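# Summary of the model geometry
So you can see what is in the structure, the chains are spelled out below.
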Amino acid sequence: MTLISTPNPPSNNAFEPLYSDLREQLAQDIETLFSYANLPNPLDEACRYVMTGQGKLVRPLLVASAFASVFDEINRSDNNLNDTNEASEAIAAQEASSEAISDLDTLLSHEAHYDMCRRAALAVELLHTYSLVHDDLPCMDDDELRRGQPTAHIVFDEATALLAGDVLQTLAFEVLTAEIPTFAPFDTTIASRLLALFAPRARRMVAGQMLDLNAEASATISQNDLEAIHRDKTGALIEAAMLMGGICAGATAPQRMALQDCAGHIGLAFQVQDDILDVTTSTDTLGKPAGSDEKLDKSTYVKLMGVEAATAYAQSLFEQGRTAITRELSSDDNALLAVIEWLWQRQK
Ligand code: GRG
């Protein structure tokens, strides 16, 4: 079986460093997490196997890019405020002696925020990977290929795959507040806000899966019904990822609303694309069986409106996502906009 290659994003100044830093950081954090969790084998092996496959890391990327975009915006407005404050020079002179200390404070608080972002990025990837492991089980889609490699229940056995999904789900929550080596102690306020927005969206993902299974039994489905399924099944976790990144960076209420609005459009666009790629792309490129929607007679955007109309629909959803972001966050070197662009151009 061929292994899929590392995703190859388009050249983009804001995207490439973010993507490579994220891959590296996440790989280290996954290793640290499983050493901390100390799971018995073959559970440990199965968890490491599925978490170190060639996933695109879309959700952690959304966490990291929302974090970076909000963080940059907040720093930009702080700098503007400082620039326009006529008393700032006098204050700066007065505070010169304590400069080293306040710099350290800023650095430490930034580090604490950054480490909460690392926790959030891990959390969404753990939850997402659990959903894939369970979705591939014989009682669900019964798939043998995922991320370019045999699925967990093929390499291990069904019971181990089931337990791997279970423990990835519990770890997704545990990681937000656990004392894990290499992570700064968790920030109580940020952690409780992350949990409050993550848990209902994790629940919505499973509810969306149920709606999807229910829809398999019905001969026809309206666009409204299809959107209701995917707002939960696919959209809820994408929404969680963007909001969690924003929260870690201290997003204001209008910024959070913009992130939520954007996520609603991007989440749907991502699913429409997934349906299109299922019929237009090969199994080798996808790293999972192509044409599986048709085989399982799934309700998809392609079935509902055809490839051309679905592509135009995805494009308009991406455009609305971008517009929502630029309402509250500068478009200069905006990491989130760069990730949205990469998503729009994705081939798998
Ligand atoms: C709880 C069993 C269970 C399922 C929840 C999310 C989900 C519902 C099932 C996963 C299968 C699926 C087709 C979900 C739709 C969302 C989607 C397009 C997932 C694939 O995400 P990518 O493309 O995957 O980001 P990688 O492998 O790149 O991480």
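Data block above holds the structure.
The residue count restarts for each chain, going from 1 along the sequence in the order it is written. Restriction of local features to residues with pLDDT of at least 70 applies here, the model being predicted, together with a cutoff of 80 or more for giving and counting side-chain atom pairs; totals for whole chains, interfaces and linings are based on all residues. Side-chain numbers here rest on the full set of heavy atoms in the structure, without hydrogens or water.

## Remarks on the packing of helix H1 (residues 15-37) against helix H15 (residues 335-344)
- Only the stretch in contact is used when a helix axis is fitted, and all axes are lines through C-alpha atoms; the angle between N-to-C directions ranges over 0 to 180 degrees. By definition, any uninterrupted DSSP run of H or I lasting at least four residues is a helix, any uninterrupted run of E lasting at least two residues is a strand, and each is numbered from the N terminus. Contact geometry of H1 with H15 gives a least axis separation of 9 Å together with a crossing angle of 85°. Between H1 and H15, the angle falls in the class roughly perpendicular. Across the interface between the two elements, Phe15, Leu18 and Tyr19 of H1 pack against Ala335, Ala338, Val339 and Trp342 of H15.
- The residue makeup of the contact of H1 with H15, split by class, is seven nonpolar, no polar and no charged. Any angle that is under 35 degrees is reported as roughly parallel, and any over 145 degrees as roughly antiparallel; angles of 65 to 115 degrees are reported as roughly perpendicular and all others as oblique. Whether two residues are in contact is decided by their heavy atoms: any pair within 4.5 Å suffices. The residue classification treats Ala, Val, Leu, Ile, Met, Phe, Trp, Tyr, Cys and Pro as nonpolar and Asp, Glu, Lys and Arg as charged. All others, Gly included, are polar.

## Digging into the site of the ligand
- Whether a residue is near a molecule or strand depends on its heavy atoms: it is near if one of them lies within 4 Å of it. With respect to spatial proximity, 20 residues lie near the ligand, and among them Lys56, Arg59, His128, Asp135 and Arg147 are the closest.
- Polar contact is defined as a pair of N or O atoms within 3.5 Å, subject to the rule that within protein one atom must be able to donate a hydrogen and the other to accept it, and that residues adjacent in sequence are counted only when both atoms are side-chain atoms. Measuring from an oxygen atom of the ligand, one finds a side-chain N or O atom of Lys56 at 2.6 Å.
- Surface exposure here means Shrake-Rupley accessible area, sampled with a 1.4 Å probe, where a residue is shielded only by the protein chains that are shown. Within the complex, the protein chains bury 93% of what would otherwise be the 710 Å² of accessible surface of the ligand.
- Mapped onto the shell around the ligand, the elements with two or more residues apiece are helix H3 (58-84), helix H5 (99-135), helix H8 (188-216) and helix H11 (253-280).
- Top contributing element to the shell around the ligand by residue count: H5, with six residues.
- Tallied by class, the residues present in the shell around the ligand amount to seven nonpolar, seven polar and six charged.

## Concerning unusual backbone geometry
- With an omega dihedral of 10°, the bond running from Asn41 to Pro42 counts as a cis peptide bond.
- Locating Pro42 in the fold gives a position in the loop between H1 and helix H2 (43-51).
- Phi at Asn38 is positive, roughly 50°, even though this residue is not glycine.
- One can find Asn38 in the loop between H1 and H2.
- Even without glycine at this site, Leu57 takes up a positive phi of about 65°.

## As for the packing of aromatic side chains
- In summary, the pairing rule links any two rings of Phe, Tyr or Trp, Trp by its six-membered ring, whose centres are within 6.5 Å, and it sorts them by plane angle into stacked for under 30 degrees, edge-to-face for over 60 and tilted for everything else. Tallied over the full model, the rule gives eight aromatic pairs.
- Look at Tyr19 and Trp342: their rings are 5.3 Å apart centre to centre, the planes differ by 45°, and that puts the pair in the tilted class. In this pair, Tyr19 is assigned in helix H1 and Trp342 in helix H15, connecting sequence segments 323 residues apart. Here the two residues Tyr19 and Trp342 agree in accessibility, since each one is buried.
- Pairwise contacts between aromatic rings join Phe15, Tyr19 and Trp342 into one cluster. Here's how the labels work: a residue is buried when its accessible area is under 20% of the maximum for its type, exposed when over 50%, partly exposed in between, all with a 1.4 Å probe on protein chains only.

## Some points on H2
- Along H2, the positions that sit buried rather than exposed are Leu43, Asp44, Ala46, Cys47, Val50 and Met51. Angularly, the buried residues of H2 cover 165° about the axis, an arc narrow enough to put them on a single face. Within this analysis, the arc is defined by the directions that extend from the helix axis to the C-beta atoms.

## Some points on a negative patch on the surface
- A cluster of like negative charges, contributed by Asp142, Glu144, Asp157 and Glu158, occupies part of the molecular surface.
- Within the secondary structure, Asp157 sits in the loop between helix H6 (152-155) and helix H7 (158-174). Like-charged residues are merged into a patch within 9 Å and nonpolar side chains (Val, Leu, Ile, Met, Phe, Trp, Tyr) within 5 Å, provided each residue has over 30% relative accessible area and no salt bridge. One speaks of a salt bridge when a side-chain nitrogen belonging to Lys or Arg is within 4 Å of a carboxyl oxygen belonging to Asp or Glu. In this tally, Asp and Glu contribute negative charge and Lys and Arg positive charge; neither His nor the terminal groups of the chain are included. Charge placement uses NZ in Lys and CZ in Arg. For Asp and Glu, CG and CD serve respectively.

## Brief notes about the nonpolar core
- Note on terminology: a nonpolar core comprises buried Ala, Val, Leu, Ile, Met, Phe, Trp, Tyr and Cys residues joined through side-chain atoms within 4.5 Å. Counting residues in hydrophobic clusters, the biggest one holds 100 residues, and the most contacted among them are Phe34, Leu126, Leu194, Phe198 and Met244.
- The greatest single-element share of this core, amounting to 11 residues, is contributed by H5.
- Not counting the four nearest positions on each side in its chain, Phe34 is found in contact with Leu39, Asp44, Cys47, Arg48, Met51, Leu126, Leu168 and Leu171.

## So, the packing of H8 against helix H9 (residues 223-233)
- Viewed as axis vectors pointing N to C, H8 and H9 meet at an angle of 145°, and their least axial separation amounts to 7 Å. Relative to H9, the crossing made by H8 is left-handed. Here H8 contributes Arg204, Met205, Gly208, Gln209, Leu211, Asp212 and Ala215 to the contact with H9, which in turn contributes Ala228, Ile229, Arg231, Asp232 and Lys233. Left-handed describes a crossing in which the near helix is turned anticlockwise from the far one by less than a right angle; the clockwise case is right-handed.

## Side note on the pattern of salt bridges
- Counted according to the given criterion, the structure contains 18 salt bridges.
- Close ionic contact of Arg322 with Glu341 constitutes a salt bridge, the shortest N to O distance being 3.1 Å. One end of the pair, Arg322, is in helix H14 (residues 301-328); the other, Glu341, is in helix H15, and 19 residues separate them in sequence.
- Classification of Glu341 as partly exposed rests on a relative accessible area of 25%.
- One salt-bridge network, held together by shared partners, links Arg201, Arg204, Asp232 and Glu239.

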